[in-house]
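Working through the structure, step by step
So you can see what is in the structure, the chains are spelled out below.
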Amino acid sequence: MITDIKTLKNTCVYSSIFGAILGFAALIPNIMPIISLFVLPFLAAIIVLLLMKMHHVLDVDKIVEMKNYAILGGIIGAISGFSFFTIFCPMVLLIHFFVKTYYTYGINFLNFFLAIVFLIVIMLIFITTNAAGGLLIGVLIKQFPKISD
């Protein structure tokens, strides 16, 4: 398991900021499918781990096992996805309240139970795919120690 709590806290902060930025960027209707179908499920862990490595927040020497990168990737996927939906869904409903022609993406038709089930299923998909991305970036960081320095 990950023994460094500071790394885990920094991972949570970086991934929540990343998800919130993507949540605001996805309000542009042409960018939203790219973010929600490609960036969040597949690239969130890679981008956040590389950002943490570039800012020297991720201590590679403390992370010995490859499974820790997969765990970090899963955590990044869950938190960035949750912060994305926390920002995106209320903002879409707020914009649709004032501008009736704005896309709602079906958010206004969801009841509370269906929204929770939908969110949990999407989080499981994000956790799985970002765990694989975290494992991939962990292998690349271990193989090429000069990457992103």
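Cut-off values and rules
Within each chain, residues carry numbers counting from 1 in the order of the written sequence. Totals for whole chains, interfaces and linings use all residues, but because this is a predicted model, local features are given only for residues with pLDDT of at least 70 and pairs of side-chain atoms are given and counted only at 80 or more. Only heavy atoms go into the side-chain values, all of them from the structure, while hydrogens and water stay out. Helix and strand definitions here come from DSSP, where helices need a minimum of 4 consecutive H or I residues and strands a minimum of 2 consecutive E residues; each element is numbered from the N-terminal end. Categorising residues by exposure relies on relative accessible area from a 1.4 Å probe, with only protein chains included: less than 20% of the type maximum marks a residue as buried, more than 50% marks it as exposed, and the intermediate range marks it as partly exposed. Should any heavy atoms of two residues lie within 4.5 Å, those residues are considered in contact. Under the convention used here, a 1.4 Å probe and the Shrake-Rupley method define accessible areas, while residue burial counts only the protein chains that appear. The salt bridge definition used is simple: a Lys or Arg side-chain nitrogen within 4 Å of an Asp or Glu carboxyl oxygen. Only buried residues count toward a nonpolar core, which is a set of Ala, Val, Leu, Ile, Met, Phe, Trp, Tyr and Cys residues joined through side-chain atoms within 4.5 Å. Two rings from Phe, Tyr or Trp (for Trp, the six-membered ring) form a pair when their centres are within 6.5 Å of each other. A pair whose planes differ by under 30 degrees is stacked, one over 60 is edge-to-face, and the rest are tilted.

1. With respect to the overall build of the protein chain
Counting secondary structure elements, the protein chain contains four helices and zero strands. For the protein chain, the α and β elements follow one another from N to C terminus as α-α-α-α. On the principal axes, the C-alpha backbone points of the protein chain span a range of 50 × 30 × 25 Å. Scored against the burial criterion, the 149 residues of the protein chain give a buried share of 38%. Taking contacts inside the protein chain between residues at least 6 apart in sequence as the whole, the part at least 24 apart equals 78%. Element-wise, carbon and sulfur atoms account for 77% of the exposed surface of the protein chain, whose accessible area totals about 8,600 Å².

2. Structural notes on the pattern of salt bridges
Under the definition given, this model contains one salt bridge. For Glu65, the salt bridge is made with Lys67, and the minimal N-O distance between the two is 3.6 Å. Look at Glu65 and you get partly exposed, because its relative accessible area is 41%. A relative accessible area of 46% places Lys67 in the partly exposed class.

3. Some words on the nonpolar core
Ranked by internal contacts, the top residues of the largest apolar core, which has 31 residues, are Leu22, Leu49, Leu58, Tyr69, Phe84, Phe85 and Phe88. No other element matches helix 2 (residues 32-54), which puts ten residues into this core. In this view, Phe84 contacts Gly19, Leu22, Gly23, Ala26, Ile35 and Leu40; residues no more than four positions away in its chain are not counted.

4. A short note on the side chain of Ser36
Its place among the elements puts Ser36 in helix 2. Beyond its immediate sequence surroundings of up to four residues, Ser36 is in contact with Pro41 and Phe126.

5. Some words on the environment of Thr86
Mapping Thr86 onto the fold places it in helix 3 (residues 66-98). On the accessibility criterion, Thr86 (42% relative accessible area) is partly exposed. Taking the C-alpha atoms as reference points, Thr86 and Phe112, 26 residues apart in sequence, are found 14 Å from one another.

6. Considering the packing of aromatic side chains
The geometry of an aromatic ring pair comes down to the distance between the two centres and the angle between the two planes. Enumeration over the complete set of coordinates arrives at five aromatic pairs. Taking 6.5 Å as the distance between ring centres and 5° as the angle between the ring planes, the aromatic pair formed by Phe85 and Phe126 counts as stacked. Of this pair, Phe85 sits in helix 3 while Phe126 sits in helix 4 (residues 112-143), and the two are 41 residues apart along the sequence. Note on Phe126: relative accessible area 5%, which makes it buried. Each ring, one from Phe97 and one from Phe98, has its centre 5.2 Å from the other, and the planes form 75°; the classification is edge-to-face. Across the pair, exposure class does not vary: Phe97 and Phe98 are exposed alike. Feature note: the residues Phe84, Phe85, Phe88 and Phe126 constitute an aromatic cluster, connected by ring pairs.

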